[in-house]
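Observations on the model geometry
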Amino acid sequence: MTPPIRTTPSLANNAHGKEPIRINLHWDIDRDLSEKARATIRQWLAPDPCRPVGECEIQNFNLWAIGLARGLIEVLCGTRPVEQMTRWLIPPLYAAVCAARTENIARGVAREVCRPASWRICLISPQVVEMCVNVSGPVQRHVVGLRLEAFRRRWIVTAIDLV
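A short tour of the structure in this document, coming up. (Residues numbered from 1 in each chain as written. Predicted model: local features only at pLDDT ≥ 70, side-chain atom pairs only at ≥ 80, totals over all residues. Heavy atoms only, no water.)

This part takes up the nonpolar core. In this structure, V97 and L146 are the most contacted members of the largest nonpolar core, which totals 41 residues. Those elements that provide at least two residues to this core are β1 (25-28), α2 (35-45), α3 (61-77), α4 (91-107), β3 (128-136), β4 (141-151) and β5 (154-162). Of all the elements, α3 adds the most residues to this core, at 10 residues. (Core = buried A, V, L, I, M, F, W, Y, C linked by side-chain atoms within 4.5 Å. Buried < 20%, exposed > 50% of the residue type's maximum accessible area, 1.4 Å probe, protein only. Helix = DSSP H or I, 4+ residues; strand = E, 2+ residues; numbered from the N terminus.)

The buried fraction of β5 amounts to eight of the nine residues, a majority that puts the element mostly inside the structure. Sheet topology note: the β1/β5 ladder contains four bridges and is antiparallel. Opposite H26, over in β5, you have D161 as the bridge partner. Relative to β5, β4 is paired through eight bridges, and the arrangement is antiparallel. Residue pairing across strands places E149 opposite I156, the latter belonging to β5. Between β4 and β5, which pair antiparallel in sequence order, lie two residues; one of them, R152, sits at a positive phi of approximately 50 degrees. (Pairing = 2+ DSSP bridges.)

Glancing now at the sheet that holds β5. Strand pairing in a sheet takes place through backbone hydrogen bonds and is either antiparallel or parallel in direction. Pairing within the open sheet is antiparallel, and its five strands lie in the order β1-β5-β4-β3-β2. Both outer strands of the open sheet, β1 and β2 (115-125), are each paired with one neighbouring strand and no more. Strand-to-strand twist in this sheet, taken as the mean axis angle between neighbours without regard to direction, amounts to 30 degrees. Strand contacts of α2: β4 and β5, with the helix running at about 65 degrees to β4, the strand carrying the most contacts. (Axes fitted to C-alpha atoms, helices over the stretch in contact; angles between N-to-C directions. Contact = heavy atoms within 4.5 Å.)

Let's shift gears to the environment of D28. Along the chain, D28 turns up in strand β1. For D28, a relative accessible area of 14% puts it in the buried group. Taking the C-alpha atoms as reference points, D28 and R147, separated by 119 residues in sequence, lie 8.8 Å from one another. Dropping the residues within four chain positions of it, D28 is found in contact with L33, R147, T158 and A159. Reaching out from D28, the side chain makes a polar contact with the backbone nitrogen of D30 at a distance of 2.9 Å. (Polar contact = N/O pair within 3.5 Å; in protein donor to acceptor, adjacent residues only side chain to side chain.)

If you want it as structure tokens, here you go:
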């Protein structure tokens, strides 16, 4: 049986008896990779000329994208396994998320179950989408900014800002 979630938790003494998570993860393919690594990742992201791009396998993009933002926060809080993000993050970003998660768990941060409170999704081009989601947890709110790029009939995260 799980304990009930408090609706107005105190930041000093939350429901888990641990400090609220302080997430500050800022990662961008253009800012955080060397020129050689950036070229390698861009080549990896390029469409395969032998396979037509086709329709994206994600039917309801808005719901999926909002769930992805929520999942990232839950991964960083230790509520969700990090392996669930493998398919949706480029490899260097996945490594950064793994490192941030390990650091948060070592600090003993509160495990939070989250829900999206508000969001904005902007189509930059047919191949690039940027989004911002305000994710509300029982202890505090987090803001997730993501850049998603089309990749082999799915979307993959190439930049992230979490506050």
